[in-house]
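# Structural characterization, general
The residues making up each chain are set out below.
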Amino acid sequence: MTATAAPASAPFRFFDVRVARIRRLGPSMVRITFTGDRLDDLASGGRDQRFKLFLPQPHQSAPVFEDLGEGWYTAWRAQDPAERPVMRSYTIREQRPDPAEFDVDFALHGAGGPGPAGGGPASRWAVRARPGDRLTVLAPAVADNGGVDFRPPPGTDWILLTGDETALPAIAGILAWLSPGTTTKVWIETGHAADRQPLPTFADAEVHWLVRDPAAGRGEPVLDALRAADLPGGAPYAWIAGEAGTVKAVRRHLVGERGFDRRAVKFTGYWRRGATEEDLLAELTATAGGR
Ligand SMILES: Cc1cc2nc3c(=O)[nH]c(=O)nc-3n(C[C@H](O)[C@H](O)[C@H](O)COP(=O)(O)OP(=O)(O)OC[C@H]3O[C@@H](n4cnc5c(N)ncnc54)[C@H](O)[C@@H]3O)c2cc1C
């Protein structure tokens, strides 16, 4: 495949990338650093910058597209699902200019574990990734782009962040971006105590790490901790991400029981228990078609 078919002014463009380095961050996460010939043109907006990752099928050495122009999405959807690249949403954890590269932290959700083949295509790919492996990404070419959701309005007095491993890269990016002294309360749910990682910030941040208890089945550690928490006064801005059911429950608690202004709560389901990203995309497409 050749890179970059969209016009240079488009906020998002295709980039061919390859794996430069791999580092295990803990039992549930692996950091993959990507490099590529045109990465000087990639411009992350920081915070929770989202982008699309395209993985080759297991029998391919690089993603195979039929069209990378403006009609790429229609062409991609029309491609044979066994041949077309697998599309997934991820966060740019950090971008560095020299050498041009960026990190993506993958939650493994069972892939590579002792049980039978856990995880989905993306987490399985991340577990097996080797330097030189090739991918395509649809990533921002301008820093001020629609793939950044964390945008506290003027007048915000304090910030609340919650998420699981999948939201941890975004939470890290948000904490790195916040102004010095910003009052910030953070709740992060992980599978293991060893998944904790340093979260450098100038904000006045209080970070609560919550470890899921396998014996508690489908417990809701973030919701339980929030219910018990003393929250600051003043105007909050909340950013919630992670499993869709948990996100919904946390939002309901903040708006319904804590009286947060619903416009000051940015919430995004990053994944849904029992559903692949294809399932979620199919639902979205059906909803859009039904309107
Ligand atoms: C805007 C956005 C940003 C995101 N950023 C990141 C990121 O930086 N890092 C990251 O790791 N993820 C991130 N995610 C979540 C990631 O896209 C999903 O976890 C995705 O489903 C992984 O793809 P997969 O191929 O491994 O699994 P899929 O094929 O999509 O799903 C296979 C099965 O695994 C389950 N599953 C999916 N994710 C998890 C999980 N975390 N824990 C347990 N079970 C799971 C599904 O419910 C399904 O049953 C982001 C999602 C969005 C929308």
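Rules used throughout
Residues numbered from 1 in each chain as written. Predicted model: local features only at pLDDT ≥ 70, side-chain atom pairs only at ≥ 80, totals over all residues. Heavy atoms only, no water. Pairing = 2+ DSSP bridges. Helix = DSSP H or I, 4+ residues; strand = E, 2+ residues; numbered from the N terminus. Axes fitted to C-alpha atoms, helices over the stretch in contact; angles between N-to-C directions. Domains from an automatic or database assignment. Contact = heavy atoms within 4.5 Å. Buried area = accessible area lost by both parts, 1.4 Å probe. Salt bridge = Lys/Arg side-chain N within 4 Å of Asp/Glu carboxyl O. Polar contact = N/O pair within 3.5 Å; in protein donor to acceptor, adjacent residues only side chain to side chain. Nonpolar A, V, L, I, M, F, W, Y, C, P; charged D, E, K, R; others polar. Buried < 20%, exposed > 50% of the residue type's maximum accessible area, 1.4 Å probe, protein only. Core = buried A, V, L, I, M, F, W, Y, C linked by side-chain atoms within 4.5 Å. Near = heavy atom within 4 Å. Areas by Shrake-Rupley, 256 points an atom, 1.4 Å probe, with all protein chains shown as cover.

### Here we look at the sheet that holds strand E7 (residues 134-140)
Read across the sheet, 7 strands follow the order E4-E3-E7-E1-E2-E6-E5 without closing on themselves; strand pairing throughout is antiparallel. Edge strands, defined here as strands with exactly one partner in the open sheet, are strand E4 (86-91) and strand E5 (94-96). Adjacent strand axes in the sheet meet at a mean angle of 35 degrees when their direction is disregarded. Both strand E1 (residues 12-26) and E7 contribute to a ladder of 7 bridges, which runs antiparallel. Note that in E7 the partner of Phe15 across the bridge is Val137.

### Considering the domain arrangement of the protein
Assigned domains of the protein: these are domain 1 (12-140) and domain 2 (158-271). Here domain 1 and domain 2 have C-alpha centroids that lie 25 Å from each other. Each side of the interface is counted separately: domain 1 has 13 residues, and domain 2 has 16 residues. Between domain 1 and domain 2, roughly 1300 Å² of surface is buried when both sides are summed, and carbon and sulfur atoms account for 59% of that area. Counting across the domain 1 and domain 2 interface gives 0 salt bridges. For the interface between domain 1 and domain 2, the tally reads 2 residue pairs in polar contact (both at pLDDT 80 or more). Those elements that place two or more of their residues in the side of domain 1 that touches domain 2 are E1, strand E2 (29-35) and strand E6 (101-107). Of the residues belonging to the side of domain 1 that touches domain 2, the class tally is 4 nonpolar, 3 polar and 6 charged.

### Quick notes on the environment of Phe54
Tracing the chain through its elements places Phe54 in strand E3 (residues 50-55). Note on Phe54: relative accessible area 0%, which makes it buried. Phe54 sits 130 residues away from Thr184 along the chain, and the two C-alpha atoms are 34 Å apart.

### Things to note about the nonpolar core
Counting 26 residues, the largest nonpolar core has Ile32, Phe34, Phe51, Phe102, Phe106 and Trp125 as its most contacted members. Elements represented by at least two residues in this core include exactly E1, E2, E3, E4, E6, helix H2 (121-128) and E7. In contact with Trp125, not counting residues within four places along its chain, are Val19, Ile32, Phe34, Leu55, Phe106, Asp133 and Leu135. Residues Leu161, Ile174, Ile188 and Ala241 belong to the second largest nonpolar core, which totals 19 residues.

### Structural notes on the side chain of Glu243
Looking at where Glu243 falls in the secondary structure, it is placed in strand E11 (residues 236-243). At 2.8 Å, the side chain of Glu243 and the backbone nitrogen of Gly245 are in polar contact. Excluding anything up to four places from it in sequence, Glu243 contacts Asp164, Trp271, Arg272 and Arg273.

### Re the site of the ligand
In the vicinity of the ligand, 23 residues are found, and the nearest of them are Arg88, Ser89, Ala107, Ala122 and Arg272. Ser89 has a polar backbone atom sitting 2.8 Å from an oxygen atom of the ligand. Interatomic distance of 3.0 Å between a backbone N/O atom of Ser123 and an oxygen atom of the ligand. Isolated, the ligand exposes 930 Å² of accessible area, and the fraction of that covered by the protein chains is 88%. Of all the secondary-structure elements, those providing two or more residues to the shell around the ligand are E4, E6, H2 and strand E12 (265-271). Take the shell around the ligand: its biggest share by element is 4 residues, from E4. When the residues that make up the shell around the ligand are grouped by side-chain class, the tally is 9 nonpolar, 8 polar and 6 charged. Two domains each put at least three residues into the shell around the ligand: domain 1 (12-140) and domain 2 (158-271).

### Observations concerning the side chain of Ser28
Here Ser28 lies in the loop between E1 and E2. On the accessibility criterion, Ser28 (10% relative accessible area) is buried. Of the polar contacts made by the side chain of Ser28, one reaches the side chain of Asp195; its length is 2.6 Å. Look past the residues within four positions of Ser28 in its chain and what remains in contact with it is Phe106, Ala107, Leu108, Glu165, Gly191, His192 and Asp195.

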